[in-house]
Amino acid sequence: MAKSNATYVEPEAKIVSVRFVLSLLLMIAGIAWVLFYYLSVRPDPTVFPAPKASPKAIADLELWNYAIGFGAFLVGLMIAANPVTPLGRGRGVVVGMLGCFLIGLIWICTFYVFSDDLSKLPVFNDLGQWNLMVGIAFMAVGFTFATRWE
């Protein structure tokens, strides 16, 4: 049987897809949620008695606001690991994988270096030991990118 000289050419992938837009929206919404809570809603821990925060629905969630914000961001990153999106194919997979691994490592190292006095680091000061979970979660998302690496 003779081999064909024709090469397979993959169809050109679109840069913008519904999945990519959804992942960007989730990442932006996660960052916005954490920033809004930290800068506007969170009561100042140095003021006693703590003033009433508003909106009350978000203030009542307290530390769950970080879980919502980081969760939305990380789910957005996991959705971006699909081959339909630019981060899910080619060099984007390597960038996403190494980026998540490095962010997780830097997050954990920063926490350990400044763990004796976290009061000067925004977000770190509220999370305490949960900073380890954030760093590990970034590394876990890095593994979702690693499964797409060829």
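Residues numbered from 1 in each chain as written. Predicted model: local features only at pLDDT ≥ 70, side-chain atom pairs only at ≥ 80, totals over all residues. Heavy atoms only, no water.

### Some remarks on helix α1 (residues 18-41)
Between its first and last C-alpha atoms α1 spans 32 Å; for 24 residues at 1.5 Å apiece the expected length is 34 Å, and the two agree. Residues of α1 that are buried: Phe-20, Ser-23, Met-27, Gly-30, Val-34, Tyr-37, Tyr-38 and Val-41. Elements that come into contact with the buried residues of α1 comprise α2 (56-59), α3 (64-79) and α5 (124-127). (Helix = DSSP H or I, 4+ residues; strand = E, 2+ residues; numbered from the N terminus. Expected span 1.5 Å × (residues − 1). Buried < 20%, exposed > 50% of the residue type's maximum accessible area, 1.4 Å probe, protein only. Contact = heavy atoms within 4.5 Å.)

### Quick notes on the layout of surface pockets
What the largest pocket holds in volume is close to 360 Å³. In this structure, the largest pocket is lined by Leu-63, Trp-64, Tyr-66, Ala-67, Phe-70, Gly-71, Leu-74, Leu-127, Trp-130, Met-133, Val-134 and Ala-137. Sorting the residues of the lining of the largest pocket by element identifies α3 and α6 (130-146) as the ones contributing at least two each. Classifying every residue of the lining of the largest pocket gives 11 nonpolar, 1 polar and no charged. In this structure, the second largest pocket encloses a volume near 240 Å³. Surrounding the second largest pocket, Tyr-37, Arg-42, Pro-43, Lys-52, Ala-53, Lys-56, Ala-59, Asp-60, Glu-62, Leu-63 and Asp-126 form its lining. (1 Å grid on protein atoms, 1.4 Å probe; cavity = no way out; pocket = protein on both sides within 12 Å on 5 of 7 lines; lining within 4 Å. Points joined across faces, edges and corners; volume = space filled by probe spheres on them. Nonpolar A, V, L, I, M, F, W, Y, C, P; charged D, E, K, R; others polar.)

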